[in-house]
Amino acid sequence: MHLLGRNLLDHKPVRIALTNFFGIGHSLAPRILARLQIHHTCKVSELTEPQITALSAYLSSPVSSTHPDPTPLAVPALPPRCQTLRRIELPQVQTAPKPIRRDVLDDLKIETDLKRSMLGDIQRLREIGTYRGRRHAAGLPVRGQSTHAAGRTAKKLNRLDRRFN
Amino acid sequence: MRPTTTLLRSAWKGPFFVAFPSLQSALRDNTPIFTKARACTILPNHIGVRFMVHNGRDYLPVTVTEEMVGHKLGEFSATRKRFSYRQTKNK
């Protein structure tokens with residue numbers, strides 16, 4: 001199945017196939033599925049049409065995605081079973097609003113967006129003149145590795161226009 | 001000094017910094033502050049101050065801008081010379 005320019009193989013589980021995308025790995029893929037309420041053992045060939053639409057809608061713009069509705073355990077308007085019992089009205093207690101935990105999935109960046117932001121970060125380091133930016137420009141290891149052994153990988157990847165592979 | 005990274009230091013400790021007693025006067029007179037505190041995190045109230053940061057041999061000028069906040073002073077004062085090949089005279 002083709003999704004946003006990537007070929008997801010039909011026989012693979014969706015959580016594995018999603019790792020085809022640059023920026024989605026083995027920890028994010030199951031979380032995306034949980035958010036879209038797709039079973040984590042679901043295979044690509046077993047995806048239904050609305051699920052595919054939801055997936056492509058989410059991946060094309062994660063920022064504009066919405067949280068799934070929490071599944072209600074019971075309808076709130078359900079009348080009490082025993083009509084003779086009087087409902088006790090509990091006093092309303094003002095509780096502080098729960099701190100909203102930031103979800104990574106809300107502002108997930110994948111593919112070109114992610115690459116662009118990574119390049120922007122490197123460019124920023126270079127412009128303000130940090131050691132890390134300088135190491136990027138020189139094509140040398142950035143995080144204190146020795147240049148004797150790790151230098152070769154760094155020479156391949158570390159540049160101001162960082163190579164991705 | 002390691003370059004600034006997140007997730008290395010506990011949040012409750014806050015950033016590591018060194019108090020510069022002459023900070024206010026340095027801001028006013030635009031005189032450089034000579035320091036060896038390379039590990040000092042650049043705080044928002046350092047913006048505009050001229051530092052002379054020691055690199056092990058001499059003091060290199062670092063003028064703090066807004067973008068540098070959160071980095072460390074030592075990151076802007078290089079300790080290594082760029083390698084350049086020099087042909088030896090006596091073979």
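Scroll up to find the structure.
Residues numbered from 1 in each chain as written. Chains lettered and ligands numbered in written order. Predicted model: local features only at pLDDT ≥ 70, side-chain atom pairs only at ≥ 80, totals over all residues. Heavy atoms only, no water.

**Student:** Sorry, what's going on with the packing of aromatic side chains here?
**Tutor:** Residue and element names in this part refer to chain B. All told, the structure shown has two aromatic pairs over all chains when counted by the stated rule. Consider the rings of Phe20 and Phe51, whose centres lie 5.1 Å apart with planes at 55°: the pair is tilted. Here the residue Phe20 occupies a position in the segment before α1 (23-29), and Phe51 occupies one in strand β2 (residues 50-54), the gap between them amounting to 31 residues. Across the pair, Phe51 and Phe20 agree in class, each one buried. Where Phe34 meets Tyr59, the ring centres are 5.2 Å apart and the plane angle is 70°; that geometry is what we call edge-to-face. With Phe34 in strand β1 (residues 33-35) and Tyr59 in strand β3 (residues 59-63), this pair connects stretches of sequence that are 25 residues apart. Take Phe34: its relative accessible area is 52%, and that puts it in the exposed class. Accessibility expressed as a relative area gives 30% for Tyr59, which makes it partly exposed. (Phe/Tyr/Trp six-rings, centres within 6.5 Å; stacked < 30°, edge-to-face > 60°. Helix = DSSP H or I, 4+ residues; strand = E, 2+ residues; numbered from the N terminus. Buried < 20%, exposed > 50% of the residue type's maximum accessible area, 1.4 Å probe, protein only.)

**Student:** Would you mind showing me how to read the side chain of A:His136 here?
**Tutor:** Residue and element names in this part refer to chain A. Tracing the backbone shows His136 in helix α5 (residues 131-138). The buried category is assigned to His136, whose relative accessible area is 8%. Excluding residues that lie within four positions of it along the chain, His136 makes contacts with Ile122, Val142, Asn158, Arg159 and Leu160. (Contact = heavy atoms within 4.5 Å.)

**Student:** Would you mind showing me how to read the environment of A:Gln123 here?
**Tutor:** Residues and elements named next belong to chain A. Mapped onto the secondary structure, Gln123 falls in helix α4 (residues 111-127). Under the relative-accessibility criterion, Gln123 is labelled partly exposed at 32%. Spatially, the C-alpha atoms of Gln123 and Gly133 are 7.3 Å apart, while their sequence positions differ by 10 residues.

**Student:** Honestly, the packing of α4(A) against α5(A) in this entry has me stumped. Any pointers?
**Tutor:** When two helices pack together, their arrangement is given by the angle between the helix axes and the distance between those axes. All names here are of chain A. The interhelical angle for the contact between α4 and α5, taken along N-to-C directions, is 110°, at an axis separation of 7 Å. By the criterion of interaxial angle, the relationship of α4 to α5 is roughly perpendicular. Between α4 and α5 the crossing geometry is left-handed. Packed against α4, whose contacting residues are Ile122, Leu125 and Arg126, the element α5 presents Arg132, Gly133, Arg134, His136 and Ala137 at the interface. (Axes fitted to C-alpha atoms, helices over the stretch in contact; angles between N-to-C directions. Parallel < 35°, antiparallel > 145°, perpendicular 65-115°, else oblique. Left-handed = near helix turned anticlockwise from the far one by under 90°.)

**Student:** I would appreciate a short explanation of the nonpolar core in the present structure.
**Tutor:** The tendency in soluble globular proteins is for nonpolar side chains to be buried as a group. If you look at the biggest cluster of nonpolar residues, it comprises 22 residues, and the most contacted ones within it are A:Val14, A:Leu18, A:Phe21, A:Ile24, A:Ile32, A:Leu55 and A:Leu59. Sorting the residues of this core by element identifies α1 (14-17), α2 (28-35) and α3 (49-60) of chain A as the ones contributing at least two each. If sequence neighbours within four positions are ignored, A:Leu59 has contacts with A:Leu3, A:Leu4, A:Leu18, A:Phe21, A:Ile24 and A:Ile110. Counting residues in hydrophobic clusters, the runner-up holds 16 residues, among them B:Phe20, B:Ala26, B:Val62 and B:Leu73. (Core = buried A, V, L, I, M, F, W, Y, C linked by side-chain atoms within 4.5 Å.)

**Student:** What exactly am I supposed to notice about the pattern of salt bridges here?
**Tutor:** Two side chains with opposite charge may pair up if their charged atoms get near one another. All names here are of chain A. A full pass over the atoms with the stated rule returns two salt bridges over all chains. Glu111 is paired through a salt bridge with Arg6; the nearest N and O atoms lie 3.2 Å apart. Pair noted here: Glu111 is in helix α4 and Arg6 is in strand β2 (residues 6-7), with a separation of 105 residues, a long-range link. Take Arg6: its relative accessible area is 28%, and that puts it in the partly exposed class. (Salt bridge = Lys/Arg side-chain N within 4 Å of Asp/Glu carboxyl O.)

**Student:** Whenever I open this one, unusual backbone geometry confuses me. Can you help?
**Tutor:** Most peptide bonds are trans, and most residues other than glycine sit at a negative phi. All names here are of chain A. Despite not being glycine, Leu4 has its phi angle at roughly 50°, a positive value. If you trace the backbone, Leu4 turns up in the loop between β1 (2-3) and β2. Classification of Leu4 as partly exposed rests on a relative accessible area of 46%.

**Student:** Quick question: what am I supposed to make of α5(A) here?
**Tutor:** What sets the pattern is the α-helix's 3.6 residues per turn: residues three or four places apart point alike. All names here are of chain A. Every buried residue of α5 is accounted for by Gly133, Arg135 and His136. The buried residues of α5 occupy an angular sector of 160° when projected down its axis, which confines them to one face. Considering only its buried residues, α5 is in contact with α4. (Arc of directions from axis to C-beta.)

**Student:** Quick question: what am I supposed to make of the sheet that holds β1(B) here?
**Tutor:** For sheets, the rule is that strands pair by backbone hydrogen bonds, running either parallel or antiparallel. Residues and elements named next belong to chain B. Here three strands make up an open sheet; going across it, the order is β1-β2-β3 and the pairing mixed. Two strands lie at the open edges of the sheet, namely β1 and β3, each paired on one side alone. Averaged over neighbouring strand pairs, the angle between their axes works out to 25° when direction is ignored. (Pairing = 2+ DSSP bridges.)

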